Each structure stands twice: as structure tokens, then as C-alpha cells.
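Okay, here's what each chain looks like letter by letter:
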Amino acid sequence: MSALTKAKGFKKSKSGTYLSMAATAFGAIGVAKQINKARAENDTLRLVDAVVTAAGVVTGLAMLYRELKRLGDDDVLLG
């Protein structure tokens, strides 16, 4: 099995999905900083941009969670 094939399989694995969720969640830190900066500067356009970006982060996490459920994870935390 080639390394490329293994990498593609990892993306659809449970651990790959968890890693994607963690990376997406780290994006939320940047969004929170962006929101705080926009509020401090009273910059409405930046605030709107941060809110739209936050919606993307939430949607991404929801899609990854759905994929994790499809993989049949028996983790207690996921229900």
C-alpha cells in the first residue's frame, strides 16, 4: 500500500476525523480574537466577517461530528 493511499484512508478514519475536529476547533480561537478586536475598535465590517467565519467553523464541526457518527464510533461521549 502506498503512502498516498494510506493518507487518503486516514482522512476517513476515526482518528483522522478527530484530528480534523481539533484543527477546526483551533480556528475558533482565532475567530474569538478577531471578534474581540473588532469590538474594541468598533469595526462593524470586521465583526460581520468574524461572525461569518464563526458560522463556518460551527458548520465544519457539525459536519465532522456527523461523519464521526457515520463511522459508528462507540464512544460514550458521543452518545
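Residues numbered from 1 in each chain as written. Predicted model: local features only at pLDDT ≥ 70, side-chain atom pairs only at ≥ 80, totals over all residues. Heavy atoms only, no water.

Caption draft 1: Spotlight on the packing of helix α2 (residues 14-41) against helix α3 (residues 44-70). At a minimum axis separation of 9 Å, α2 and α3 run at an interaxial angle of 165°. The orientation of α2 relative to α3 falls into the category roughly antiparallel. As for the relative orientation of α2 and α3, their crossing is left-handed in sense. A per-class count over the contact of α2 with α3 returns 15 nonpolar, 6 polar and 7 charged. (Axes fitted to C-alpha atoms, helices over the stretch in contact; angles between N-to-C directions. Helix = DSSP H or I, 4+ residues; strand = E, 2+ residues; numbered from the N terminus. Parallel < 35°, antiparallel > 145°, perpendicular 65-115°, else oblique. Left-handed = near helix turned anticlockwise from the far one by under 90°. Nonpolar A, V, L, I, M, F, W, Y, C, P; charged D, E, K, R; others polar.)

Caption draft 2: Structural detail: the confidence of the model for the protein. Put simply, the protein has an average pLDDT of 83, and 76% of its residues get 70 or more. Per-residue pLDDT, averaged within each element of the protein, yields its smallest value for helix α1 (residues 3-11) (57) and its largest for α3 (93). (pLDDT = per-residue confidence, 0-100.)

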